[in-house]
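Below are the chains, spelled out letter by letter.
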Amino acid sequence: MIKTTFEKGVEQGIEQGIRRGQHELLINQLEEKFGDLSPRTRKRVQALSLAEARKFGIKLLTAESLAELGL
């Protein structure tokens, strides 16, 4: 099936929304565990791919510091 430009745009918007939501959740979890994040750390989290953000979310469960997460 051929997708229209509109359908492609909708799919892209949904994907971006999911990615943004995942990053916001991860930032909230990091701040809850480690306190306020620096602007640099926030940018690094927001630059993660969706797959990387999911991996960080799992690592966050056992991490003792931001440094342990590479942040």
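For the structure itself, consult the block above.
Residues numbered from 1 in each chain as written. Predicted model: local features only at pLDDT ≥ 70, side-chain atom pairs only at ≥ 80, totals over all residues. Heavy atoms only, no water.

Chemist: How should the side chain of His23 be read in this particular structure?
Modeler: Along the chain, the position of His23 falls in helix α1 (residues 5–34). With a relative accessible area of 4%, His23 lands in the buried category. Within the local environment of His23, its side chain forms a polar contact with the backbone oxygen of Leu48, the two atoms lying 2.7 Å apart. Here His23 is in contact with Val45, Gln46, Leu48, Ser49 and Ala53, once residues within four sequence places are set aside. (Helix = DSSP H or I, 4+ residues; strand = E, 2+ residues; numbered from the N terminus. Buried < 20%, exposed > 50% of the residue type's maximum accessible area, 1.4 Å probe, protein only. Polar contact = N/O pair within 3.5 Å; in protein donor to acceptor, adjacent residues only side chain to side chain. Contact = heavy atoms within 4.5 Å.)

Chemist: Hey, could you run me through the environment of Gly13 in this one?
Modeler: Turning to its location among the elements, Gly13 is positioned in helix α1. Residues Gly13 and Gln29, spaced 16 residues apart in sequence, show a C-alpha to C-alpha distance of 24 Å.

Chemist: Explanation requested: a nonpolar patch on the surface in the structure shown.
Modeler: A cluster of nonpolar side chains, namely Phe6, Val10, Ile14 and Ile18, defines an oily patch on the protein surface of about 410 Å² accessible area. Along the chain, Ile18 turns up in helix α1. Using a relative accessible area of 46% as the deciding quantity, one classes Ile18 as partly exposed. (Patch = residues over 30% accessible without salt bridge, like charges linked within 9 Å, V, L, I, M, F, W, Y side chains within 5 Å. Areas by Shrake-Rupley, 256 points an atom, 1.4 Å probe, with all protein chains shown as cover. Salt bridge = Lys/Arg side-chain N within 4 Å of Asp/Glu carboxyl O.)

Chemist: Looking at this structure, how should I read α1?
Modeler: Helical geometry: 3.6 residues make up each α-helical turn, so side chains three or four residues apart lie on a common side. Taking 1.5 Å per residue as the helical rise, α1 with its 30 residues ought to reach 44 Å, and the 43 Å between its terminal C-alpha atoms agrees with that figure. Inspection of α1 places His23, Leu26, Ile27 and Leu30 among the buried residues, and these make up the whole buried set. The inward-facing, buried residues of α1 abut α2 (39–46) and α3 (50–60). Looking at the residues trailing α1, positive phi occurs at Gly35, about 95 degrees. (Expected span 1.5 Å × (residues − 1).)

Chemist: Explain the pattern of salt bridges to me, please; I cannot follow it from the model alone.
Modeler: Proximity of charged atoms lets side chains of opposite charge pair with each other. Under the definition given, this model contains one salt bridge. Across the salt bridge formed by Arg42 and Glu31, the nearest N and O atoms sit 2.7 Å from each other. Placement of the pair is Arg42 in helix α2 and Glu31 in helix α1, with a sequence separation of 11 residues. Residue Arg42 is classed as partly exposed on the basis of its relative accessible area of 29%.

Honestly, that's just the spatial picture; any functional story needs more than this.
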